[in-house]
Amino acid sequence: FGPCTKYLFTDILGIKQTEDSTGFDKITISPMYVDGLDFAKGYITTNKGRISVSYEKVNGKATLYLDLPDGIHATVTTPLGYKVEVDKATKSRFV
């Protein structure tokens, strides 16, 4: 990735591979909710499929959307700061 693309994926969308992961099979998703940025969306294509993350903020409240393929284990930090473990294919919404 170039610096701007890396910033979008790893910081804004918060998609990070864990240190003990290979091929993005273990990830963390912890988006950065930046003031003035009310929407962000992107995906990374891995050998297991597409990891898609997006969020939107309405009236100061963020909603996080996640689409994971099979074979990916994710630790997700919700907009309220809770950590949720996801270890199967899912399309999820976190408020």
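Just above, that's the structure.
Residues numbered from 1 in each chain as written. Predicted model: local features only at pLDDT ≥ 70, side-chain atom pairs only at ≥ 80, totals over all residues. Heavy atoms only, no water.

A. Representation of the overall build of the protein chain. Summing up its helical and strand segments, the protein chain has 1 helix and 8 strands in all. For the protein chain, the N- to C-terminal ordering of α and β elements is α-β-β-β-β-β-β-β-β. Here the protein chain has a C-alpha radius of gyration of 13 Å; the compact-globule value for 95 residues is 12 Å, and the two agree. Taken along its principal axes, the extent of the C-alpha atoms in the protein chain is 35 × 30 × 20 Å. Counting over 95 residues, the protein chain shows a buried share of 38%. Within the protein chain, counting contacts between residues at least 6 apart in sequence, those at least 24 apart form 32% of the total. Of the roughly 5800 Å² that the protein chain leaves accessible, carbon and sulfur atoms contribute 52%. Computed over 12 positive and 11 negative side-chain charges, the separation of the two mean positions in the protein chain equals 4 Å. (Helix = DSSP H or I, 4+ residues; strand = E, 2+ residues; numbered from the N terminus. Rg over C-alpha atoms; globule rule 2.2 N^0.38 Å. Buried < 20%, exposed > 50% of the residue type's maximum accessible area, 1.4 Å probe, protein only. Contact = heavy atoms within 4.5 Å. Areas by Shrake-Rupley, 256 points an atom, 1.4 Å probe, with all protein chains shown as cover. Lys, Arg positive; Asp, Glu negative; His and termini not counted. Charge placed at Lys NZ, Arg CZ, Asp CG, Glu CD.)

B. Up close: the pattern of salt bridges. Enumeration over the complete set of coordinates arrives at 1 salt bridge. Two residues, Lys26 and Asp20, come together in a salt bridge whose shortest N-O distance is 3.3 Å. With relative accessibility at 33%, the residue Lys26 sits in the partly exposed group. (Salt bridge = Lys/Arg side-chain N within 4 Å of Asp/Glu carboxyl O.)

C. The arrangement of the sheet that holds strand β4 (residues 49-58) in detail. Reading across the sheet, the 4 strands line up as β3-β4-β5-β8 and stay open at both edges, with antiparallel pairing between neighbours. Looking at strand neighbours, the two that pair on one side only are β3 (39-46) and β8 (90-94), the edges of this open sheet. Ignoring which end each strand starts from, the neighbouring axes of this sheet average 10° apart. Bridge count for β4 against strand β5 (residues 61-68) is 7 bridges, and the pairing is antiparallel. Each residue of the ladder has a partner; that of Ser54, found in β5, is Tyr65. (Pairing = 2+ DSSP bridges. Axes fitted to C-alpha atoms, helices over the stretch in contact; angles between N-to-C directions.)

D. Broad picture of the pairing of β8. Only one face of β8 is buried: it carries Thr90, Ser92 and Phe94, and the other face, with Lys91 and Arg93, is open. Direction of pairing for β5 relative to β8: antiparallel, over a ladder of 5 bridges. In the sheet register, Leu66 faces β8, and the bridge partner there is Ser92.

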